[in-house]
Amino acid sequence: MIDDIISSALVLSVPIALAALGGAIHRRAGIVNIGLEAHMLIGAFIGALVSGATQNWVLGVLGGAAAGALSGWLMSAIITRLKANEIIVGLGFNIVVLGLVGYVLRSVFSVSGTLHVPGLQRLPTITIPGLDDIPVVGAALSGKDPLFWLTIALVPLIAWALARTPGGLRLRASGAAVGISSSLGLRTLRIRDVAGVIAGALAGLGGVALSLGAVGLFNENMTAGRGFVALAAFYFGRSRPLPTALACVLFGFFDALQIRLQTVGGLSPDLISTLPYVAVVLVLTLTAIREQRRNARRLV
């Protein structure tokens, strides 16, 4: 049972982690991306359609990432070029994409809610010889899909890029002091738009991890608030890749736990399903308390 929960927690944390890492990058550039939910949903939708049309999961992954990147660029451009409020734009994107996807499902595919895409090729699983028989370790590492390993690789890669590369330093400077950065010749608006494209692409991959990985179909409500959970994760991790990823694993654990508890008799499924979101509220509360104490120590 413990092995199953660990394996499920890691699988369920991948979509959240991909979106959260993208949100962390965008936040470092100075924009809080509230539209992660929209990027995930459109990535899941396009990824499933492309995978079904081509019967190729690689093209499905690329299609979902491209759709998310386009969505991320459009949202970022509205914020940076039209000076729109980032919170309102992000929430608007979530509503518009959800409504648009629902409309396409009903008008084009004549289905309501769930779309079983003919020919959809799911993400393959990678079995590591010799690990399956090792308790805990085998459940954690063996039998995972390529996006799981991509997420593992992205955590140190993004941390290194933000801290050690010129592009990462420019991105952080644009987020920390846009006026000073502009006066030094940095094209802050372009940097923020590039960060928006990266955030959208990673969130789109998070959606693909759901439609081609965890589920194998598309549902218009399949993200189920995971974009907002990703938002909480990079807020908790202060937009740093490793703490952000660990927060995603924590949320994935509570998600896996609530699925397991629903099989236990005598417990209300509706009440149990709120467990991951209760965890989000608790984490955000603890984060706010931590920030208040840190600010108080600075004033002393």
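To be clear, the structure that these remarks concern was listed above.
None of these values were measured; they are calculated from a predicted model.

Caption draft 1: Spatial organisation of helix α11 (residues 241-261). Taking 1.5 Å per residue as the helical rise, α11 with its 21 residues ought to reach 30 Å, and the 30 Å between its terminal C-alpha atoms agrees with that figure. Residues of α11 that are buried: Pro 241, Thr 244, Ala 245, Ala 247, Cys 248, Phe 251, Gly 252, Asp 255, Ala 256 and Gln 258.

Caption draft 2: Quick look at the layout of surface pockets. Reported here for the largest pocket is a volume of approximately 350 Å³. Lining the largest pocket are Arg 27, Arg 28, Arg 172, Gly 175, Ala 176, Leu 231, Phe 234, Tyr 235, Arg 238, Ser 239, Thr 287 and Glu 291. Elements with a minimum of two residues in the lining of the largest pocket: α1 (2-28), α7 (166-176), α10 (226-236) and α13 (275-299).

Caption draft 3: Broad picture of the packing of aromatic side chains. Enumeration over the complete set of coordinates arrives at four aromatic pairs. Here Phe 45 and Phe 109 contribute two aromatic rings whose centre-to-centre distance is 6.4 Å and whose plane-to-plane angle is 85 degrees, an arrangement assigned as edge-to-face. Placement of Phe 45 in helix α2 (residues 36-54) and of Phe 109 in the loop between α4 (86-107) and β1 (114-115) is noted, with a sequence separation of 64 residues between them. The buried category is assigned to Phe 45, whose relative accessible area is 6%. Ring centres 5.6 Å apart and planes at 70 degrees place the aromatic pair Phe 253 and Phe 254 in the edge-to-face group. Residue classification places Phe 254 among the partly exposed positions, given a relative accessible area of 23%. Cluster of aromatic residues (ring-pair linked, three or more members): Phe 45, Phe 109 and Phe 218. Above the face of the Phe 148 ring, Lys 144 is positioned so that its terminal group lies 5.9 Å from the ring centre.

The rules behind each value
- Residues numbered from 1 in each chain as written.
- Predicted model: local features only at pLDDT ≥ 70, side-chain atom pairs only at ≥ 80, totals over all residues.
- Heavy atoms only, no water.
- Helix = DSSP H or I, 4+ residues; strand = E, 2+ residues; numbered from the N terminus.
- Expected span 1.5 Å × (residues − 1).
- Buried < 20%, exposed > 50% of the residue type's maximum accessible area, 1.4 Å probe, protein only.
- 1 Å grid on protein atoms, 1.4 Å probe; cavity = no way out; pocket = protein on both sides within 12 Å on 5 of 7 lines; lining within 4 Å.
- Points joined across faces, edges and corners; volume = space filled by probe spheres on them.
- Phe/Tyr/Trp six-rings, centres within 6.5 Å; stacked < 30°, edge-to-face > 60°.
- Lys NZ or Arg CZ within 6 Å of the ring centre and 35° of its normal.

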